[in-house]
Amino acid sequence: MIIDCHTHVLDAGFWPREWFDHVAADWAGRAPGRRPEMVRHRVEPGLLDPDGDRMVAAMDRAGVDAAVLLPWDWGPDFHARASVERVNEHALAVAARHPGRIIPFAGVDPRRPGAAELVERFLRDGPAYGVKLYPACGWDPAGPAAQAVYDVCQSFDVPVLFHTGHPLPLLDDPGDPLQLLPVVRRNPALRVWLGHAGAPDGFDACLAVAAASERVSLELSVWLWSDSTAADVERLASRVVAARDSVGIGRLLFGSDHVSGPRTRGESFLPTVVDLFTSLPDAARRIGHRITGDEMNAMLGRNAARQLHWTVPTSSVGRQ
Ligand SMILES: [Zn+2]
């Protein structure tokens, strides 16, 4: 069983105009005579997968049984056409369209008025299985607004996935995982998933946060990408071994950060990342360590299923 703990499925208007301005300016800068307004309209369609059908097709190709879908609220500093309610309801609708394949989370910026009540509604009525939060959008994870969201998550016993590590270019917060230390110390019952496990240079900081609470897990997306080399896999293998030996294999989760739009990651992205991840035991052997098949099964799906109280239906599609 493979559960991908970090994916995104987008519909139109979900990401803010500031993002599309940024990408259009970047594209325009790459060709002489090209101006942002000439390419801006082409940016968003490349991100979109309105029904999640492309995501599920990619999961089928990659042998992924179920994927955690993370709606992302950029918060009040950015301007998206879709409301936060719409973005979250879309995740639930994609999950309903693909029974047993999509595990929807909720995503609500804690600065939104009534954020905690909104999160509670999605967890109760969705149901959403967890909450994705992105502090680099401009809020303090140790502040009172965020705490109100954590309280709801604790009462539902669902994880909060924090983005950690380098943020998207528009966001200038470095995403230091250590800013979560006071959060996990104050909330020992809160399940925390450290999204991207601090990539590319915050892994040790994430381990320090995980050492402070046995309810903290490291979600390993971004460390492997479609162009990763054998040396990259060996580096991740050594990090996995270090994490296993300090906090236990039960706290490591496979994730890809796949985005299913037609011009985003590419057709081969998810199968390639899954193949690279499943080659971790070979990479570990090359550097004089051992990662067992049982440990792989734990990281690839069993840990997530346990924490999410998720059972994969027997009819779901796996790799042939
Ligand atoms: Zn992501």
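Every value quoted in this text rests on a predicted model; they were computed, and no experiment measured them.

S.K.: Could you clarify how one ought to interpret the overall build of the protein chain in this entry?
M.R.: Within the protein chain one finds 12 helices and 9 strands. Taking 2.2 N^0.38 as the reference for a compact globule, 320 residues should give roughly 20 Å; the C-alpha atoms of the protein chain span a radius of gyration of 19 Å, in line with that estimate. Here the C-alpha coordinates of the protein chain stretch approximately 55 × 45 × 40 Å along the principal axes. Across the 320 residues of the protein chain, 47% fall into the buried class. For the protein chain, the proportion of contacts with a sequence separation of at least 24, taken over those separated by at least 6, is 78%.

S.K.: Hey, could you run me through the sheet that holds strand β3 (residues 102-104) in this one?
M.R.: Within a sheet, adjacent strands bond to each other through the backbone by hydrogen bonds, running parallel or antiparallel. Read across the open sheet, the 4 strands follow the order β3-β2-β1-β9; overall the sheet is parallel. The open sheet terminates on both sides in strands that have one partner only, identified here as β3 and β9 (258-259). Looking at chain direction, strand β1 (residues 3-8) and strand β2 (residues 66-69) are connected through 3 bridges and run parallel. In the sheet register, aspartate 4 faces β2, and the bridge partner there is alanine 67.

S.K.: Honestly, the packing of helix α5 (residues 115-125) against helix α6 (residues 144-156) in this entry has me stumped. Any pointers?
M.R.: Think of two packed helices as two axes; the pair is described by the angle between the axes and how far apart they sit. One way to put it is that α5 packs onto α6 with a least axis distance of 8 Å and a crossing angle of 20°. Our classification of the angle between α5 and α6 gives roughly parallel. In this structure, α5 meets α6 at a crossing whose hand is right-handed. Together, Ala115, Ala116, Val119, Glu120 and Leu123 of α5 and Ala145, Ala148, Val149, Asp151, Val152 and Phe156 of α6 make up the contact between the two elements. Residue classes in the contact of α5 with α6 are distributed as 9 nonpolar, no polar and 2 charged.

S.K.: Help me understand the environment of arginine 286 in this model?
M.R.: Relative to the helices and strands, arginine 286 is located in helix α11 (residues 280-286). Classification of arginine 286 by C-beta neighbours within 10 Å gives partly exposed; the count is 13. For the pair formed by arginine 286 and glutamate 234, sequence separation is 52 residues and the distance between their alpha carbons is 7.7 Å.

S.K.: Sorry if this is basic, but what is going on with the packing of helix α8 (residues 203-211) against helix α9 (residues 230-247) here?
M.R.: Between α8 and α9, the least distance of the axes is 11 Å, while the angle of their chain directions is 15°. Relative to α9, the element α8 lies roughly parallel. In this structure, α8 meets α9 at a crossing whose hand is right-handed. Across from Phe203, Leu207, Ala210 and Ala211 in α8, the residues of α9 making contact are Arg239, Ala243, Ser246 and Val247. In the contact of α8 with α9, the residues fall into 6 nonpolar, 1 polar and 1 charged.

S.K.: I would appreciate a short explanation of the UniProt feature "domain: Amidohydrolase-related" (unreviewed entry) in the protein chain in the present structure.
M.R.: In the numbering used here, UniProt assigns the feature "domain: Amidohydrolase-related" (unreviewed entry) to residues 3-306. Along residues 3-306, the helical share is 42% and the strand share 11%, with 11 Å between the first and last C-alpha atoms.

Cut-offs and rules
- Residues numbered from 1 in each chain as written.
- Predicted model: local features only at pLDDT ≥ 70, side-chain atom pairs only at ≥ 80, totals over all residues.
- Helix = DSSP H or I, 4+ residues; strand = E, 2+ residues; numbered from the N terminus.
- Rg over C-alpha atoms; globule rule 2.2 N^0.38 Å.
- Buried ≥ 20, exposed ≤ 12 C-beta atoms within 10 Å, placed from the backbone.
- Contact = placed C-beta atoms within 7 Å.
- Pairing = 2+ DSSP bridges.
- Axes fitted to C-alpha atoms, helices over the stretch in contact; angles between N-to-C directions.
- Parallel < 35°, antiparallel > 145°, perpendicular 65-115°, else oblique.
- Left-handed = near helix turned anticlockwise from the far one by under 90°.
- Nonpolar A, V, L, I, M, F, W, Y, C, P; charged D, E, K, R; others polar.
- UniProt positions renumbered as here; feature names shortened; annotations may be inferred.

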